[in-house]
Amino acid sequence: MVSKNDNKKRKFSSNNKKADEVSNSKRALKQARQSHRPHAETVVAAKELWNKLRVKTNTAEQNAEMMGKLMELLTGKFNQVALQHDASRVVQAAIQFANEKQKSTIIKELCDGGNIVELSKSQYAHFVVLKMIKYCGKDDELIRLIVKALKSSITKLAVHAVGARVVELLFSTFPPKRTATLKLEFYGPHFSLFQDRDLANKVTNVNIDYIISNQPSGKDAALNSLLSLINKGIEKGLFSFAYFQQILCEYVTAATPNDVRTLCSSLVDHSIHLLSTKAGARVVAECATYGTPKDRKRILKSLKGYTRSTLLHSDAYIALLRVLDVTDDTVNVQKAILAELHVLPKKEPKMNVLGEDENDDKEDSEGKKSPLIELILSDTGSKLFLLLLSKDENTKKKYFDPAEMEILRPNTTIKEGEEEVPTSKKSANTRRVELLQYMKNLLCDCCKSHTNELLQSRCGAKVLREVYETFPSKDLADAIVDACENEEGNDDDDDDEYLSVFEHPIGHLSIKNIILCDANASSKDDSVTKLLLTKYGGNLIDDIGASNRGAFVLVSLLASDDSGVAKKEVKKARKEVKKRLNQAKSMSKPYAGYEALLKAIEE
């Protein structure tokens, strides 16, 4: 009697046989199809060698032996093999593991005897070109061969969906001087045909400024050529490529404001992708400068949710600052950009062996951490608050370098008919004050709760000083004076010495600058100067001027104190100051602070 289980086994077995027959027939069909390709037998043998060559445990001798066999098989056939989707990886491996002589043979064959442009456009073969660029970046002769092979075709590759990857690696790997002749093609045939030799000898990096300075009459032609590339690149979505962002940057900085505005509508929705490089950030900044209110709104939408990461990025921050600087709709800015800064960033769960989230314990230990502290302590993030706190251009120049000031330039206009019209309707100060009021409470609370950290940070001290000067309050002054009592360990010292703010390398400068703010203040009732004199009066030399750095703080205190009480006290201790000065000189320690203090006493 046959059981039900036996029937199931027979049925399953018959199904397996049918499946095997189908797979065997497919395999046979695939092999028959491959056998008609050029060099079919050679490719099969090369793939077997490739499978062995890519093993990471191979010795150098084994790799050299296999490379010798591979070169015998493929020499004279590299071009055709590279174009086959299942064999291009064999050529990639050959370039990677070849010695200098073998590498030179492969590259020369691919460049001289083949069509490297066709390889660059192929979905699979372009990886071969990428390997060529990667592993030949230090050989001048091979670089010259690759550049020569790509000549007259770089503009087509630059706007090709696959070829763009080759162009990206080419410009980021090869020295600018080597690729200068290729980059000239971006500006039109006239520049690439007649100026290569001069450029190869004179210029290390070609850009639109060089083109305009050498041929002012060719500016329009160069810009039209760039615009043609840009339009094609936009259609292909090449926004994340660094070379394309550079092309965009050169165009928007050289074109007229009206031309930039015309291009804006095609770029603003991709703002977040453009912020990966310095050039891309400049593009977004110029789009914000000359774009319409609708364009600016679309930029804000693109950046929503990325405020914190953008401000902490080494290049992207300046674009966000420019958007905030020129946008009239401050309510939308507050909702889309600044609202994110009012909450702490969410941390990804970090599970321990017990399945507990370790971040929970960290949050408890951190207590009431301000969501702004990370930004204020960073070089780029702090510039948002310095921009909002800067009352005029002179103050802004203290915190922003000339390149940043050029991007944040005021009073930009655009031509409408025959008239120059401002790109923003509200005054710059009105926009700044509206945004600052939105951040005021959070900014002041951060300065009060993290005073010690801010005083000991170069970036944080700048923000603290401006907040103290812009929003003076007794609570903040008390927090600053209380922070002067705290002593912080100096990790750089082997003897585990503890420093007060007056002796801290950054802290003493921070407190000195804050005290100097009081010199110009209209009221000093709740000033840091008055609170310090109240707290340390009668013992200024020992508590504040106990070190060379502290002496500098004491000099600022004398300058800020209108009552003359501090100067009177320090004058009595002139002998002690001279004694410390002589001791510092005899021990070859810094003494400029004591000298400045003596000079201030004698004035």
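Residues numbered from 1 in each chain as written. Predicted model: local features only at pLDDT ≥ 70, side-chain atom pairs only at ≥ 80, totals over all residues. Heavy atoms only, no water.

Undergrad: I'd like a description of the overall build of the protein chain, backed by residues and values.
TA: Helix and strand content of the protein chain: 40 helices and four strands. Expressed as a percentage of its 603 residues, the buried residues of the protein chain come to 46%. Here the contacts in the protein chain between residues at least 6 apart in sequence split such that 69% fall between residues at least 24 apart. Of the roughly 31600 Å² of accessible surface on the protein chain, 49% is carried by carbon and sulfur atoms. (Helix = DSSP H or I, 4+ residues; strand = E, 2+ residues; numbered from the N terminus. Buried < 20%, exposed > 50% of the residue type's maximum accessible area, 1.4 Å probe, protein only. Contact = heavy atoms within 4.5 Å. Areas by Shrake-Rupley, 256 points an atom, 1.4 Å probe, with all protein chains shown as cover.)

Undergrad: Could you give an account of unusual backbone geometry, naming the residues involved and the relevant values?
TA: Negative phi is the rule for most residues except glycine; trans is the rule for most peptide bonds. With phi around 75°, Ser152 is a residue other than glycine that occupies positive phi space. Structurally, Ser152 is set in the loop between helix 9 (140-150) and helix 10 (154-158). Here the phi dihedral of Ser588 falls at roughly 55°; this positive angle occurs in a residue that is not glycine. Residue Ser588 is classed as exposed on the basis of its relative accessible area of 69%.

Undergrad: Mind laying out the packing of aromatic side chains, listing which residues take part and the relevant values?
TA: Per the stated rule, a full pass over the model turns up four aromatic pairs. Seen from their ring centres, Phe171 and Phe186 are 5.8 Å apart, and the 55° between their planes marks the pair as tilted. Taken together, the positions of Phe171 in helix 11 (residues 163-173) and Phe186 in the loop between helix 12 (176-183) and helix 13 (189-194) put the pair 15 residues apart, joining distant regions of the chain. Phe186 gets classed as buried once you look at its relative accessible area, which sits at 3%. For the ring pair Phe239 and Phe244, a centre distance of 6.4 Å and an interplane angle of 80° mean the geometry is edge-to-face. Exposure class is identical for Phe239 and Phe244. Each is buried. For the cation-ring pair, Arg54 lies above Trp50, with the distance from its terminal atom to the ring centre recorded as 4.3 Å. Taking NZ or CZ as reference, Lys585 lies 5.3 Å from the ring centre of Tyr591, over its face. (Phe/Tyr/Trp six-rings, centres within 6.5 Å; stacked < 30°, edge-to-face > 60°. Lys NZ or Arg CZ within 6 Å of the ring centre and 35° of its normal.)

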